[in-house]
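Read off the chains here:
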There are 2 protein chains.
Amino acid sequence: MKVYKYPAASDWSSLLKRPVMEAAELEGRVLAILKEVQERGDAALIDFALKFDGAAPKSLLATDAEIAEAKVLVSEELKAAIQVAKTNIEKFHTAQKEVQISVETMPGVNCWRKSLPIEKVGLYIPGGTAPLFSTILMLGVPATIAGCSQLVLCTPPNKEGKIHPAILYTANLLGIKTIVKAGGAQGIAAMAFGTASVPKVYKIFGPGNQYVTTAKQLVTKYGVAIDMPAGPSEVAVIADKQANAAFVAADLLSQAEHGADSQVVLISDSEDMINRVQTEVDAQLEKLSRKDLAAKALDNSKAFLVKDMNEAMAMSNLYAPEHLILQVEDLDNLVAKVVNAGSVFIGPYTPESAGDYASGTNHTLPTNGYATAYAGVSLDSFIRKVTFQKITKEGLQKIGPVIETMAAAEMLDAHKNAVTLRLKEINK
Amino acid sequence: MKVYKYPAASDWSSLLKRPVMEAAELEGRVLAILKEVQERGDAALIDFALKFDGAAPKSLLATDAEIAEAKVLVSEELKAAIQVAKTNIEKFHTAQKEVQISVETMPGVNCWRKSLPIEKVGLYIPGGTAPLFSTILMLGVPATIAGCSQLVLCTPPNKEGKIHPAILYTANLLGIKTIVKAGGAQGIAAMAFGTASVPKVYKIFGPGNQYVTTAKQLVTKYGVAIDMPAGPSEVAVIADKQANAAFVAADLLSQAEHGADSQVVLISDSEDMINRVQTEVDAQLEKLSRKDLAAKALDNSKAFLVKDMNEAMAMSNLYAPEHLILQVEDLDNLVAKVVNAGSVFIGPYTPESAGDYASGTNHTLPTNGYATAYAGVSLDSFIRKVTFQKITKEGLQKIGPVIETMAAAEMLDAHKNAVTLRLKEINK
């Protein structure tokens, strides 16, 4: 970690700048994949699986036999853990249901809004270096609570043309019927355009490598919505002198192991703490299986020594981290000052991995500073709150002249006339 | 209007297709404008105002003197109407405030979420053919309720280098301090990149012409969020034989007058009703000041004769109109079947213009079929619901093993270790 001691506030912005991703070259390659899938459908998916994943799957959709096999392969311990996580995620996301809001804004002018599920949603689940079955819970559980009628899951097959058992098991547990062996940009294309085997969806969710995130961005031009723009995963930890340096180091490392481009930031008002965390990071790093990835991420990571906790929080709010961990004495005071963050982990016994897996909050969160304008995935991400209104004769008599005046001032005659005609009919 | 009688369901999709907008050529021109503003800031804004709006404004920001002048120029009648609309919009959007959700998902595992305002938001208000001060209410009122700390408004100046009084008056009424004389792509660029006079914002809202909507799409690549992708405005009216043909015609025309590219759709199970609406449209059209625009939109508009109201609603749900107007006998039954629509207007005395101006619902709504995946602007558009969690020692003892099992299965050692370390410390 590079250490910056008492940087001037005017320099924070440039010190906290994320690396810019060069997307232009990738865009061309991804566009070619999208076009191929759009034109050749299932045949293109099979060709790409052979080319990129090492095998042409016998069937593009997971079969009942494969699901049955997965049930046997997943350990009882993991099944039980998944069940606990699922229950917690269900509890937190069910609480997000909105009671229908209904307001009579004027006598006879009734306005309400109603939550309607997005009918068709697509979930992308990465395979690659780790089988992220936890993401199925994070996307599939709120989709199910929302009442989405069609859930499509795309994930890359392995070299045997099969899907990882933990992914198959979790998808089946949630009742997801359409499980497609298609990864990368081709998986996104399949859900955006539809193929003979893969239904076209209205919104695509889920993390992925640069091919996947570029494909998601590109399909928005074809009218498909996506959960949010993506960048590498991030954590900022604010720790004061009483924090547990080993815990802080463990949290920094659990972010760093995601990949060499992971963003890791430590902010403290104690130079001693920063030094102790660094010593702990070095010690813990040695024991990790993904040591090389994590070490690369740590090379680019930064520790900031600041004056006090107010300055620490101001810096964090400017950075707008995906994950913010607070290990400080005066927790409540600091929590109240959070403005920009994706999800906040409070106190020594709340590691980020709790929210990554099992506490109940969602782990699909805004990166790359998007926490200034976006929230993480929630029940809201799978619904639309549609407004309705019904006006009575008496209501229109009251509100009609207001509409007529405003429409006339905006020089929209026909808007005015739609009221005038009705008022004439009412008053005749 | 072109009339289609009993089209086969398999043809609906192609019959309801919106015209594809050719953006590629425009993108180059818009990118050049963005770059100019990014590099030259205020000077570029002044040059573009001279070039596109016909005058170089003396000051880029509206002055106190100009605001005072606007207060005199706006009629008392219009002021009163704006006040009524503002109050109704406030009532409906205040009701959207979420009480903080807090769930103890397991003993000692506390998760909650809190609404935090987006700090800096930009509102684009078109000038052009009509001064859309109503849009200031629709964006500014929820932004104020949300508690956004910085509101920036950009709108094109007129040939005298001034802003329309109704726009100035309404912006000032809402307490918007930064009112910028910059329209088109350059206005969007100013808010996305910031200039000496214009603060950079995190999210940009508001309608506009193709330059504006293209600029909004392009600035998303620079990390700025936007309200939603935009297309021409739309209405679908479902009317049965008992509907008032004059009312239906007036609603179709109030959509058509927005521009030649407005999308107007009529769906009925009564051929007689379709004929009567067409006769009414022709008669009412003659009296409109924006007759030519409306006539062009009507040339491209479609009327569908369908078997019954179930088929009518199925067709509307496939189309996913921005505005849906229901003038039918069995209202409640049909309302319950709405799946895809931006905002729904129910019954004979609920013209779309009520929601456009004054009933309280928002008029910034998803077009171009985006109602399948997006809702209109609401209080939610100006906030982020940020999740927090705090776990006690006892809580971590309970949930810790679940996290360890799942992290191990995803082959993320460091994620597991962040829990293992803590459990060791607790149990020692």
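Residues numbered from 1 in each chain as written. Chains lettered and ligands numbered in written order. Predicted model: local features only at pLDDT ≥ 70, side-chain atom pairs only at ≥ 80, totals over all residues. Heavy atoms only, no water.

Identification of chain A as Histidinol dehydrogenase from Cytophaga hutchinsonii is taken from an unreviewed UniProt entry. UniProt lists a comment for chain A under the heading Pathway (unreviewed entry), and it reads "Amino-acid biosynthesis; L-histidine biosynthesis; L-histidine from 5-phospho-alpha-D-ribose 1-diphosphate: step 9/9." Checking UniProt for chain A, the heading Catalytic activity (unreviewed entry) contains the comment "L-histidinol + 2 NAD(+) + H2O = L-histidine + 2 NADH + 3 H(+)". (UniProt positions renumbered as here; feature names shortened; annotations may be inferred.)

This part covers the overall build of chain A. Per the secondary structure count, chain A includes 17 helices and 14 strands. With the C-alpha coordinates of chain A rotated into their principal frame, the extents come out at 85 × 60 × 45 Å. When each of the 428 residues of chain A is scored for burial, the buried share is 61%. Intrachain contacts of chain A at a sequence separation of at least 6 include 75% that bridge at least 24 residues. Within the structure as shown, chain A displays about 15800 Å² of accessible surface, and the carbon and sulfur contribution to it stands at 53%. Positive and negative side-chain charges of chain A, numbering 43 and 47 respectively, have mean locations separated by a distance of 8 Å. (Helix = DSSP H or I, 4+ residues; strand = E, 2+ residues; numbered from the N terminus. Buried < 20%, exposed > 50% of the residue type's maximum accessible area, 1.4 Å probe, protein only. Contact = heavy atoms within 4.5 Å. Areas by Shrake-Rupley, 256 points an atom, 1.4 Å probe, with all protein chains shown as cover. Lys, Arg positive; Asp, Glu negative; His and termini not counted. Charge placed at Lys NZ, Arg CZ, Asp CG, Glu CD.)

Take the relation of the copies chain B and chain A next. With an RMSD of 0.0 Å, chain B superimposes on chain A once it is rotated by 180 degrees and translated 0.0 Å along the axis. Taken together, the rotation and translation relating the two chain copies correspond to the operation of a two-fold axis. When C-alpha positions in chain B are compared against the rotation axis, the closest is assigned to Glu 98 of chain B, at 4.2 Å. Comparing interface residues between copies, 100% of those in chain B also lie at the interface in chain A; the contact surface is shared. (Least-squares fit on C-alpha atoms with pLDDT ≥ 70 in both.)

This next bit is on the side chain of His 93 of chain A. Residue and element names in this part refer to chain A. Examined against the element boundaries, His 93 turns out to sit in helix H5 (residues 76-94). Looking at His 93, its side chain comes within polar contact range of the side chain of Asn 362, at 3.1 Å. Those residues in contact with His 93, other than ones at most four positions away along the chain, are Pro 142, Ile 145, Gly 360, Thr 361, Asn 362, Val 377, Ser 378 and Leu 379. (Polar contact = N/O pair within 3.5 Å; in protein donor to acceptor, adjacent residues only side chain to side chain.)

Quick look at the interface of chain B and chain A now. Every contact between the two is made by 117 residues of chain B and, on the other side, 117 residues of chain A. Across the interface of chain B and chain A, roughly 10100 Å² is buried in total on both sides, 61% from carbon and sulfur atoms. Between chain B and chain A we count seven salt bridges in total. At the junction of chain B and chain A, the tally comes to 58 residue pairs in polar contact (both at pLDDT 80 or more). Take the side of chain B that touches chain A: its biggest share by element is 10 residues, from helix H17 (residues 413-427) of chain B. Its residues assigned to classes, the side of chain B that touches chain A comprises 64 nonpolar, 30 polar and 23 charged. Both strand S14 (residues 383-391) of chain A and strand S13 (residues 343-346) of chain B contribute to a ladder of four bridges, which runs parallel. Residue pairing across strands places Gln 389 of chain A opposite Phe 345 of chain B, the latter belonging to S13 of chain B. (Buried area = accessible area lost by both parts, 1.4 Å probe. Salt bridge = Lys/Arg side-chain N within 4 Å of Asp/Glu carboxyl O. Nonpolar A, V, L, I, M, F, W, Y, C, P; charged D, E, K, R; others polar. Pairing = 2+ DSSP bridges.)

Further remarks concern the sheet that holds strand S4 (residues 120-124) of chain A. Residue and element names in this part refer to chain A. Strand order across the open sheet formed by five strands is S6-S5-S4-S7-S8, with parallel pairing between neighbours. In the strand order of this sheet, the two ends are held by strand S6 (178-181) and strand S8 (225-226), each with one partner. Inspection of the sheet shows S4 paired to strand S5 (residues 150-155) by five bridges, in the parallel sense. Bridge pairing in S5 places Leu 123 opposite Leu 153.

Within the element layout of this structure, Ala 68 of chain B appears in helix H4 (residues 64-73). In this structure, the C-alpha to C-alpha distance between Ala 68 of chain B and Phe 133 of chain B, residues 65 residues apart in sequence, is 17 Å.

Once that is clear, we can look at helix H9 (residues 210-219) of chain A. Residue and element names in this part refer to chain A. Of all 10 residues that make up H9, seven are buried, and the element is covered over most of its length. When we look at burial in H9, the residues that qualify are Val 212, Thr 213, Thr 214, Ala 215, Lys 216, Leu 218 and Val 219. Summarising the contacts, the buried residues of H9 are in contact with helix H2 (24-40), S4, helix H8 (184-193), strand S7 (203-205) and S8. Capping of H9 at its N-terminal end is provided by Asn 209; its side-chain oxygen lies 3.0 Å from the backbone amide nitrogen of Tyr 211.

Below, the discussion takes up the pattern of salt bridges. Per the stated rule, a full pass over the model turns up 37 salt bridges over all chains. Residues Lys 86 of chain B and Glu 90 of chain B are paired through a salt bridge, measuring 3.0 Å at the closest nitrogen-oxygen approach. On the criterion of helical spacing, the pair formed by Lys 86 of chain B and Glu 90 of chain B is a turn pair, its members being four residues apart in helix H5 (residues 76-94). By relative accessible area, which is 26% here, Glu 90 of chain B ends up partly exposed. One salt-bridge network, held together by shared partners, links Glu 98, Arg 113, Asp 380 and Lys 385 of chain A together with Glu 98, Arg 113, Asp 380 and Lys 385 of chain B.

A word on the packing of helix H10 (residues 245-256) of chain A against H17 of chain B. Interaxial distance between H10 of chain A and H17 of chain B falls to 7 Å at its minimum, and their mutual angle equals 165 degrees. The pairing of H10 of chain A with H17 of chain B is recorded here as roughly antiparallel in orientation. Of the two elements, H10 of chain A crosses H17 of chain B, and the hand of that crossing is left-handed. On the side of H10 of chain A, the interface is formed by Ala 246, Phe 247, Ala 250, Asp 251, Leu 253 and Ser 254 of chain A, while H17 of chain B contributes Ala 414, His 415, Ala 418, Leu 421, Arg 422 and Glu 425 of chain B. Of the residues belonging to the contact of H10 of chain A with H17 of chain B, the class tally is seven nonpolar, two polar and three charged. (Axes fitted to C-alpha atoms, helices over the stretch in contact; angles between N-to-C directions. Parallel < 35°, antiparallel > 145°, perpendicular 65-115°, else oblique. Left-handed = near helix turned anticlockwise from the far one by under 90°.)

Turning next to the UniProt feature "binding site: substrate" (unreviewed entry) in chain A. In this structure's numbering, the residues bearing the UniProt feature "binding site: substrate" (unreviewed entry) are Ser 233, Gln 255, His 258, His 323, Asp 356, Glu 410 and His 415 of chain A. Taken along the chain, the residues just named run across 183 residues; in space they spread out, the farthest C-alpha pair reaching 54.9 Å. In this structure, His 323 of chain A sits in strand S12 (residues 323-327). Of the residues examined, His 323 of chain A reaches a relative accessible area of 2% and is grouped as buried. Ignoring anything within four residues of it in the chain, the contact list for His 323 of chain A reads Ser 233, Glu 234, Val 235, Ala 236, Gln 255, Ser 343, Phe 345, Glu 352, Asp 356 and Leu 365 of chain A. Following the sequence through the fold, Asp 356 of chain A ends up in helix H15 (residues 352-357). Residue Asp 356 of chain A is classed as buried on the basis of its relative accessible area, which comes to 7%. Setting aside its immediate chain neighbours within four residues, Asp 356 of chain A contacts Ser 134, Met 138, His 323 and His 363 of chain A together with His 415 of chain B.

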